[in-house]
Amino acid sequence: MLLELAVADAFGVAFEYAPKSFIEKNNHAIFYSKHPRHNIPPGFYSDDTQMSLAIAELMLSNDPWTPLTIANKFVEAFKRDPRRGYASGFYQFLTGIKDGQDFLNKISPLSDKSGAAMRTAPIGLYPDLKEVRRKTRLQAAVTHNTVDGLASAEAASLLVYYCKNNLGPVNEAGFWIEQTLQGTSPNDWSVPWVGKVKTKGWMSVRAAITALSQHTSLTELLKTCINFSGDVDTVASIALAA
């Protein structure tokens, strides 16, 4: 799963908020492209993959799941391999952070963007649904302790859980997520996404669910994610992980 996520991220980062004309010309899923503005080499993954690796490493460790252990993993993953692809403000934040405690002391965890959703896919591999939901919300709250930030992270990990456990046809995943997250907001995950994907986390997850409902081919799924335009590396990472 991490390999598919990384491939999707590395391919998609070249198209993040790129012009439609660039997408139409280069979205062939044959080789990696270079973004027309960003200085990220072709084939290099971004924060979506690096933070997912941090979550996966915590899952494989014997460390308890606490805000501090989660923050430590985020900092460790970044410090050993500082790479572009993070939002510029968060990149500068991580550059100046010493450790997980420093992270928690200085972070303002009030984002409703896609950061918590893009990194949560590995948690969907846990066999217990309650554990998936609890640990997803715990890691999300470190940076995205908002209604939309928590909900989008849960929807992304539940998408993996649904697919891994073959709970039904992929085109019904959105309906299952809505039933599972009853009482939360937003909760319209079965509504097809149309148009450009902007910065809000729920937008990326809904677009990923929409693309996944249309394809069983990973190549066609990847191309469909990119064709939305906007925050497409995150859309592709969520969809291909599932």
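Overview of the structure. Predicted model only: the values in this text are computed from it and were never measured.

### Concerning the state of the cysteines
One pass over the full model with this rule turns up 0 disulfides. Cysteine Cys-163 shares no disulfide, and the gap to the nearest cysteine sulfur, in Cys-225, comes to 12 Å. Under the relative-accessibility criterion, Cys-163 is labelled buried at 16%. Note on Cys-225: relative accessible area 0%, which makes it buried.

### Considering helix α3 (residues 47–60)
Relative to the 20 Å expected for 14 residues at 1.5 Å per residue, α3 spans 20 Å between its end C-alpha atoms, a close match to the ideal helical length. With 10 of 14 residues buried, α3 is to be regarded as a mostly interior element. Within the span of α3, buried status applies to Asp-47, Asp-48, Thr-49, Gln-50, Met-51, Ser-52, Ala-54, Ile-55, Ala-56 and Leu-58. Contacts from the buried residues of α3 go to α1 (2–12), α4 (67–80), α5 (88–95), α7 (115–118), α8 (129–141) and α13 (232–241).

### Quick word on the side chain of Asp-231
One can find Asp-231 in the loop between α12 (218–227) and α13. The buried charged residue Asp-231 lacks any salt bridge partner; its closest oppositely charged side chain belongs to Lys-113, at an N-O distance of 9.2 Å. Residue contacts for Asp-231: discarding those within four places in its chain leaves Glu-16, Tyr-17, Ser-114, Val-197, Lys-198 and Ser-204.

### As for the nonpolar core
Within the largest apolar cluster, 64 residues are counted, with the highest numbers of intra-cluster contacts made by Phe-103 and Ile-177. Ranked by residue count, the leading element in this core is helix α9 (residues 147–164), at 8 residues. Setting aside anything within four residues of it in sequence, one finds Ile-177 in contact with Ala-155, Leu-158, Leu-159, Asn-187, Trp-189 and Ile-209.

### Description of a nonpolar patch on the surface
Together, Leu-3, Val-7 and Tyr-32 give the surface a local cluster of nonpolar side chains, amounting to about 270 Å² of exposed area. Here Tyr-32 shows up in the loop between α2 (20–26) and α3. Its relative accessible area of 35% is what places Tyr-32 among the partly exposed residues.

### Overview of the packing of α1 against α13
Where α1 contacts α13, the axes come no closer than 8 Å and their chain directions differ by 160 degrees. Put simply, α1 runs roughly antiparallel to α13. Of the two elements, α1 crosses α13, and the hand of that crossing is right-handed. Contacts between α1 and α13 involve Glu-4, Leu-5, Ala-8, Asp-9 and Gly-12 from the first element and Val-232, Asp-233, Ala-236, Ser-237, Leu-240 and Ala-241 from the second.

### Things to note about the environment of Val-7
Along the chain, Val-7 falls in helix α1. Val-7 sits 34 residues away from Pro-41 along the chain, and the two C-alpha atoms are 14 Å apart.

### Structural notes on the packing of aromatic side chains
Using the criterion set out here, one finds 14 aromatic pairs in the structure. Here Phe-11 and Tyr-32 contribute two aromatic rings whose centre-to-centre distance is 6.5 Å and whose plane-to-plane angle is 55 degrees, an arrangement assigned as tilted. With Phe-11 in helix α1 and Tyr-32 in the loop between α2 and α3, this pair connects stretches of sequence that are 21 residues apart. On the numbers, 5.5 Å between centres and 45 degrees between planes, the contact of Tyr-162 with Trp-176 is tilted. Linking Tyr-162 in helix α9 with Trp-176 in helix α10 (residues 173–180), this pair joins segments that are 14 residues apart in sequence. Taken individually, Tyr-162 and Trp-176 each receive the classification buried, so the pair is uniform in this respect. Of the aromatic side chains, those joined through ring pairs into one cluster are Phe-74, Phe-78, Tyr-86, Phe-90, Tyr-91, Phe-93 and Phe-103.

### So, unusual backbone geometry
In this model, Ala-29 sits at a positive phi of 55 degrees, which is unusual for a non-glycine residue. Within the chain, Asn-166 stands out as a residue other than glycine whose phi angle is a positive 50 degrees. Mapped onto the elements of the fold, Asn-166 is located in the loop between α9 and α10.

### Regarding the packing of α1 against α3
Helix-helix packing is described using two parameters, namely the angle between the two axes and the distance between the axes. Contact pair α1 / α3: the axes reach a minimum separation of 8 Å and the direction vectors enclose 160 degrees. Overall, the two elements α1 and α3 adopt an arrangement that is roughly antiparallel. Crossing of α1 over α3 shows left-handed handedness. Here Leu-2, Leu-5, Ala-6 and Asp-9 of α1 lie close against α3, whose contacting residues are Asp-47, Asp-48, Thr-49, Ser-52, Leu-53 and Ala-56. Looking at the contact of α1 with α3 residue by residue, the class counts come to 5 nonpolar, 2 polar and 3 charged.

Cut-offs used in this document
Residues numbered from 1 in each chain as written. Predicted model: local features only at pLDDT ≥ 70, side-chain atom pairs only at ≥ 80, totals over all residues. Heavy atoms only, no water. Disulfide = S-S within 2.5 Å. Buried < 20%, exposed > 50% of the residue type's maximum accessible area, 1.4 Å probe, protein only. Helix = DSSP H or I, 4+ residues; strand = E, 2+ residues; numbered from the N terminus. Expected span 1.5 Å × (residues − 1). Contact = heavy atoms within 4.5 Å. Lys, Arg positive; Asp, Glu negative; His and termini not counted. Salt bridge = Lys/Arg side-chain N within 4 Å of Asp/Glu carboxyl O. Core = buried A, V, L, I, M, F, W, Y, C linked by side-chain atoms within 4.5 Å. Patch = residues over 30% accessible without salt bridge, like charges linked within 9 Å, V, L, I, M, F, W, Y side chains within 5 Å. Areas by Shrake-Rupley, 256 points an atom, 1.4 Å probe, with all protein chains shown as cover. Axes fitted to C-alpha atoms, helices over the stretch in contact; angles between N-to-C directions. Parallel < 35°, antiparallel > 145°, perpendicular 65-115°, else oblique. Left-handed = near helix turned anticlockwise from the far one by under 90°. Phe/Tyr/Trp six-rings, centres within 6.5 Å; stacked < 30°, edge-to-face > 60°. Nonpolar A, V, L, I, M, F, W, Y, C, P; charged D, E, K, R; others polar.

Note that all results are geometric; they support no functional claim without further evidence.
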